[in-house]
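Read off the chains here:
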Amino acid sequence: MAKEAPDVPSGADAARIAELARKAAPFVDAFVNSDSLFTRDGQQVLFVSNRDGLPQIYRADAARPDSPARRLVEWPERMSLGVTTPDGKSLLFLSDKGADENWSVWKVGLDGSAPVELTPGEPLNRDGVFMPELAPDTIYFSARRMSEAASAVYAAPATGGASRVIYRDDKPGFLADVSRDGQHALFSRYLSGSESYLLHVELASGKTRLLYPSSGKVTISGARFSPDGGIAYVATDGGGEQAWLLALDVASGKELARYVEKNPTTAIIDSVRVAKQGGTIAVSIDAGNHNEIRLLDARTLEPRVPVTLPLGQGTVRDFSEDGRRFTVFWSTPSSPKDLWVIDAKTGKVARLRDEPRPSLTEVPAVEVSITGSRAHDGLALPINVYLPKTRTGKLPVIVNYHGGPSSSSMIRWSPAVAFFLSQGYAWVEPNVRGSTGFGRAFEEADNGRGRLEAFKDIEATGRWAASQPWADPDRVIIFGGSYGGYAVLIGLTRVPELWRAGVDLFGVANMKSFMATTSGLIREVFLVEFGDPDKDAAFLDEISPIKHVGKIVAPLFVYAGANDPGVPRSESDQIVRALRQRGVPVEYMLAENEGHSLEHRQNQIEFNARVAHFLEAHAGPRPGKVSDDL
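Only a predicted model underlies this, so the values are computations on that prediction, with no experimental measurement involved. (Residues numbered from 1 in each chain as written. Predicted model: local features only at pLDDT ≥ 70, side-chain atom pairs only at ≥ 80, totals over all residues. Heavy atoms only, no water.)

### Description of the overall build of the protein chain
A count of helical and extended segments in the protein chain gives ten helices and 35 strands. C-alpha atoms of the protein chain, sized along the principal axes, occupy 75 × 55 × 45 Å. Evaluated residue by residue, the protein chain yields a buried proportion of 59% over its 630 residues. In the protein chain, once contacts between residues fewer than 6 apart in sequence are set aside, the share between residues at least 24 apart is 56%. Looking at the protein chain as shown, the accessible area adds up to about 23800 Å², and 50% of this sits on carbon and sulfur atoms. On the protein chain, the mean spot of the 70 positive side-chain charges and the mean spot of the 79 negative ones are 1 Å from each other. (Helix = DSSP H or I, 4+ residues; strand = E, 2+ residues; numbered from the N terminus. Buried < 20%, exposed > 50% of the residue type's maximum accessible area, 1.4 Å probe, protein only. Contact = heavy atoms within 4.5 Å. Areas by Shrake-Rupley, 256 points an atom, 1.4 Å probe, with all protein chains shown as cover. Lys, Arg positive; Asp, Glu negative; His and termini not counted. Charge placed at Lys NZ, Arg CZ, Asp CG, Glu CD.)

So this is what it looks like as structure tokens:
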């Protein structure tokens, strides 16, 4: 299929975009710190930060939040933290090329010595890496070929070399943990957002057995071994509406203890960390529109002391070797994602990093609320609202739909939200049916033909936004990435009169071509979410925006990454081509060094500036309308 050429602004357009870029840059340059772990001696913290324009690994003094952050190694691609080696001298990290998601494992000395690739050879979509503390000669990871759903557990020499398959599954799955002695593993077999199975794997033989559940369908969102390997801590919904953490005897599968999250009652546990000493477990709670942290006793799973963090988004990361403290990263609408340390005994929260963001001299004062509307059938639809405090009159409104679809929009820091608030927009984030953190039934409600009900939620939440007293109903913009980009195209084709413009980041245009070209893992999971391309061909055709593209009348901005394996560029090409042929205003931005991502500093700045310029041109006050909104 022919590729569509991206647009290249010139003349007065380029000059205005450059002006807007100077305004957008301070928000992007307010860097984030995330994904942290302590060195083995506890003296330093290793973490990922985008301060130099791309996620890279840094280290700093763990006792001094204001100590300088030093880049561990100069690296041309994005990086992800793995684990430190038991001798405390090196770090394993992962990196891909051009954000293509074919991650490889590398080893680098903490002294910054030259990295060594441990997984050369065939490109694979690798997950996180494990190095058993008592058997550090071998590393383990799960991976798959990008085109296949089948996943496998691999072992590779810790010095680098050929990987070998220990266990292969014909369905998607992920290595959840490896015991400290390197003899056992936990593998989560993932069929959909609401159906997972936890397998115990003998690493020497590859023999597997089902550990949980013994029957029925459940969601499993995490699993970890106890320090001695005798217990598996499993985060699940048990097939119901509440989040559980189960302590299971690994040998028999017998339940030893259970924690049930009761507030909120429909949350899920999205991360589990177990201290090597001290008998403490830290979990992060996904409550749909925000996160919370819990500290539990490892033997009884009874809550210990409360942990209080401001309303926002974040997760637990790593315990210190002595189990006395652990790291989290956290963000709020007015503070970029940063690192905190929590005392495991008292729950006291303190800054692990405290660095100035000099670019944020004028953070727009923001008014944040969690509210909601009702769907056509009465279902409650949660909505996050961000408003500039200094607003006057009616505001243009950006209604942003999250990706997934099994995901959610959380209260958090976002450079894009902050920038558009500073430009006088309201920003609204609905969590329509299919979103996570609001219960199992809510998450499953958009599966298959339930997708049509989710489409009605897009209309209901869009009309709610347009009806608010602070909203200009003539200037409502639909915005979203990935599944959210698909939601943009659905909104523009099914409720064309509601939207003044749209912004689509790598959204699916044609379900048939998407299912034929996406990664094997996504295709397998989407058989449940959307339907089978053969058995449900007519339905998938009906829910493809490209079939109804003739109904799109609103101008559309489209962004794509050239190396995207999840929603290939061809999906964006299709919608751009169709709108160009019809003469509907469309602007196409393509990033050659991105995949299903918007990671590079310059790309983020350019995207925000170009979208702002596009909306100035196409979503300004309607002709003849007197505006008092800016």
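### Some details on the layout of surface pockets
To find leftover empty space, a probe the size of one water molecule is rolled over the atoms. Within this model, the largest pocket holds a volume of roughly 240 Å³. Taken together, 17 residues make up the lining of the largest pocket; nearest its centre are S95, K97, N102, S104 and E117. Class assignment for the residues of the lining of the largest pocket results in five nonpolar, five polar and seven charged. (1 Å grid on protein atoms, 1.4 Å probe; cavity = no way out; pocket = protein on both sides within 12 Å on 5 of 7 lines; lining within 4 Å. Points joined across faces, edges and corners; volume = space filled by probe spheres on them. Nonpolar A, V, L, I, M, F, W, Y, C, P; charged D, E, K, R; others polar.)

### Overview of the environment of S373
Relative to the helices and strands, S373 is located in strand β28 (residues 366-374). We classify S373 as buried; its relative accessible area is 9%. Distance in space between the C-alpha atoms of S373 and T39 is 47 Å, their sequence separation being 334 residues. Excluding anything up to four places from it in sequence, S373 contacts L379, A380, L381, I383, T461 and W464.

### What about the sheet that holds strand β8 (residues 116-117)?
Here we have four strands laid out as an open sheet, ordered β5-β6-β7-β8, and antiparallel in their pairing. Two strands close off the open sheet at either side, each with one partner strand: β5 (79-84) and β8. Here six bridges tie strand β6 (residues 90-95) to strand β7 (residues 104-109), and the two strands are oriented antiparallel to one another. Paired with L94 across the two strands is V105, which belongs to β7. (Pairing = 2+ DSSP bridges.)

### Considering the environment of A235
Here A235 shows up in strand β18 (residues 231-236). Residue A235 is classed as buried on the basis of its relative accessible area, which comes to 0%. Setting aside its immediate chain neighbours within four residues, A235 contacts T219, I220, S221, G222, W244, L245, I269 and V272.

### Quick look at the side chain of R357
One can find R357 in the loop between β27 (349-351) and β28. Here D338 takes part through its side chain, which lies 2.9 Å from a polar atom of the side chain of R357. Those residues within four positions of R357 in sequence are excluded, and the remaining contacts are A30, F31, V32, N33, P336, K337 and D338. (Polar contact = N/O pair within 3.5 Å; in protein donor to acceptor, adjacent residues only side chain to side chain.)

### Topic: the pairing of strand β22 (residues 280-286)
Burial analysis of β22 places seven of its seven residues in the buried class, the great majority of the element. Because side chains alternate across β22, one face comprises the buried residues T280, A282, S284 and D286, and the other comprises I281, V283 and I285, equally buried. Alignment of strand β21 (residues 268-274) against β22, held across six bridges, turns out to be antiparallel. Its bridge partner lying in β22, S271 is registered against S284. Between the antiparallel neighbours β21 and β22 lie five residues, among them G278 with a positive phi of about 95°. Two strands pair when backbone bridges link them, and β22 and strand β23 (residues 291-297) are joined in this way by seven bridges, in the antiparallel orientation. Bridged to S284 within β23 is I293. Between β22 and β23, which pair antiparallel one after the other, the connecting turn spans four residues, and G288 there sits at a positive phi close to 90°.

### Some details on the packing of aromatic side chains
Evaluation of the coordinates by the stated rule reveals 26 aromatic pairs. Considering the side-chain rings of Y483 and F530, the 6.2 Å spacing of their centres and the 55° angle between planes classify their relative orientation as tilted. One end of the pair, Y483, is in helix α5 (residues 483-494); the other, F530, is in the loop between α7 (520-529) and α8 (537-542), and 47 residues separate them in sequence. Judged by relative accessible area, which is 10%, Y483 ranks as buried. Summarising the aromatic geometry, the rings of F557 and F614 are spaced 5.7 Å apart at their centres and angled 70° between planes, so their arrangement reads as edge-to-face. In this pair, F557 sits in strand β34 (residues 556-561) while F614 sits in helix α10 (residues 601-618), placing the two residues 57 residues apart along the sequence. Among the aromatic residues, those joined into a cluster by ring pairs are F27, F419, F420, Y425, W427, F479, F506, F557, Y559, F607 and F614. (Phe/Tyr/Trp six-rings, centres within 6.5 Å; stacked < 30°, edge-to-face > 60°.)

### Re the nonpolar core
One finds W499 and L615 to be the most contacted residues of the largest nonpolar core, which totals 97 residues. When sequence neighbours within four positions are dropped, the list of residues in contact with W499 reads V399, Y401, I458, G462, V476, I477, I478, G491, L492 and A554. With 17 residues, the next largest nonpolar core counts Y233, A243, A247 and L301 among its residues. (Core = buried A, V, L, I, M, F, W, Y, C linked by side-chain atoms within 4.5 Å.)

### Some details on helix α9 (residues 569-582)
Between its first and last C-alpha atoms α9 spans 20 Å; for 14 residues at 1.5 Å apiece the expected length is 20 Å, and the two agree. Buried within α9 are the following residues: R569, E571, S572, D573, Q574, I575, V576, R577, A578 and L579. Where α9 is buried, its residues contact α5, β33 (501-505), α6 (511-517), β34 and β35 (586-591). Just beyond α9, the residue with positive phi is G583, at close to 80°. (Expected span 1.5 Å × (residues − 1).)

### What about the sheet that holds strand β15 (residues 195-202)?
Hydrogen bonding along the main chain pairs the strands of a sheet, whether they run parallel or antiparallel. Strand order in the open sheet formed by four strands is β13-β14-β15-β16, and the pairing between neighbours is antiparallel. At either end of the open sheet lies a strand with only one pairing partner, and these are β13 (173-178) and β16 (208-212). Put simply, the sheet's adjacent strands are angled 30° from each other on average, direction ignored. (Axes fitted to C-alpha atoms, helices over the stretch in contact; angles between N-to-C directions.)

### Quick word on the packing of helix α1 (residues 11-28) against helix α2 (residues 415-422)
Put simply, α1 and α2 touch, their axes get as near as 9 Å, and they point 135° apart. Relative to α2, α1 is oriented oblique. Regarding α1 and α2, the two cross each other, and that crossing is right-handed. When α1 is examined against α2, the residues L20, K23, A24, F27 and V28 are found in contact with a partner set consisting of P415, A418, F419 and S422. Residue composition of the contact of α1 with α2, grouped by class: seven nonpolar, one polar and one charged. (Parallel < 35°, antiparallel > 145°, perpendicular 65-115°, else oblique. Left-handed = near helix turned anticlockwise from the far one by under 90°.)

### Quick look at empty space enclosed by the protein
Summed over all chains, the structure comprises five cavities of 30 Å³ or more. Within this model, the second largest cavity holds a volume of roughly 80 Å³. Its residues assigned to classes, the lining of the second largest cavity shows seven nonpolar, three polar and two charged.

These values are about where atoms sit, not about what they do.
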